[in-house]
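Each chain is listed here by its residues.
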Amino acid sequence: LVGSEMCIETAIEFREPVSYFSLVIDVLKDKPFLVNALDNVPIIQYYAIRFATEVADKITNVTIVFTIEKATIQGRNVKEDTLLQYQYEGNKFESCPTQKVDEDDKFLYFKTETKESPYFAIAGSLASLPWWLTLVIIVVIAHLTVLGMHVYKRLKCTHLRNPVRT
């Protein structure tokens, strides 16, 4: 797979014996055109699984182990413990049970089980701002409000002292 996120293991269980199957995993740059977006979550990666043989109706379970580069999560300000895999079912994304199985210096490893679905997304929740940054933002907004009120009063006083002559 291309990109920093990659699938390292895929196990597929079938209802009945299958003599041959083939699949392709595509890492997508953007959301697929005909797919509704996930609401209010930062997307780490979209990908699609295409079966090159007619076995999709015989699938009972798909288990995927995938990695996410730690730098990607930090760069997108996503909380590690909120990462989930979503599968596109019907006309919306549904979350799949996702479990962190390992990590090393560079990657986090996750395992998820899903049904057969053509489109998937890996997403998480934004990490909250540090308390001190939140405080700085509040103080700046308060100062701008006081400054705005001061300027407004000053303009209002200037307008009253210099009436418009007609």
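Computed from a predicted model, the values in this text were never measured in an experiment. (Residues numbered from 1 in each chain as written. Predicted model: local features only at pLDDT ≥ 70, side-chain atom pairs only at ≥ 80, totals over all residues. Heavy atoms only, no water.)

Draft legend 1. Seen up close, the pattern of salt bridges. Inspection of the entire model under this criterion finds 3 salt bridges. In this structure, K70 engages E103 in a salt bridge whose closest nitrogen and oxygen atoms are separated by 2.7 Å. Taken together, the residues K70 in helix α1 (residues 70-75) and E103 in strand β7 (residues 98-103) connect sequence positions 33 residues apart. Given the relative accessible area of 36%, E103 is considered partly exposed. Here the salt bridges do not stand alone but share partners, grouping K70, K100 and E103 into one network. (Salt bridge = Lys/Arg side-chain N within 4 Å of Asp/Glu carboxyl O. Helix = DSSP H or I, 4+ residues; strand = E, 2+ residues; numbered from the N terminus. Buried < 20%, exposed > 50% of the residue type's maximum accessible area, 1.4 Å probe, protein only.)

Draft legend 2. Representation of the nonpolar core within the structure. Membership of the largest hydrophobic core comes to 19 residues, with the highest contact counts inside it found for Y47, I49 and I68. Going through the elements one at a time, β3 (43-51), β4 (59-69), β8 (107-114) and β9 (119-123) are the ones with two or more residues in this core. Looking at this core element by element, the count peaks at 5 residues for β4. Membership of the second largest hydrophobic core comes to 7 residues, among which are V35, Y46, F93 and A123. (Core = buried A, V, L, I, M, F, W, Y, C linked by side-chain atoms within 4.5 Å.)

Draft legend 3. Layout of a nonpolar patch on the surface. Taken together, V136, V140, L144, L147, V151 and L155 make up a surface patch of nonpolar side chains, about 540 Å² in accessible area. Topologically, L144 is positioned in helix α2 (residues 131-161). We classify L144 as exposed; its relative accessible area is 55%. (Patch = residues over 30% accessible without salt bridge, like charges linked within 9 Å, V, L, I, M, F, W, Y side chains within 5 Å. Areas by Shrake-Rupley, 256 points an atom, 1.4 Å probe, with all protein chains shown as cover.)

Draft legend 4. Structural view of the packing of aromatic side chains. Across all of its chains, the model carries 2 aromatic pairs by this definition. Between F66 and F110, the aromatic rings sit 5.6 Å apart at their centres with planes inclined by 20°, giving stacked as the arrangement. Taken together, the residues span a long stretch of sequence, with F66 in strand β4 and F110 in strand β8 at a distance of 44 residues. Just as F66 is buried, F110 falls in that class too. Ring centres of F107 and Y109 lie 6.5 Å apart, and the angle between their planes is 55°; on these two criteria the pair is classed as tilted. Residue class for Y109 comes out buried when judged on its relative accessible area of 18%. (Phe/Tyr/Trp six-rings, centres within 6.5 Å; stacked < 30°, edge-to-face > 60°.)

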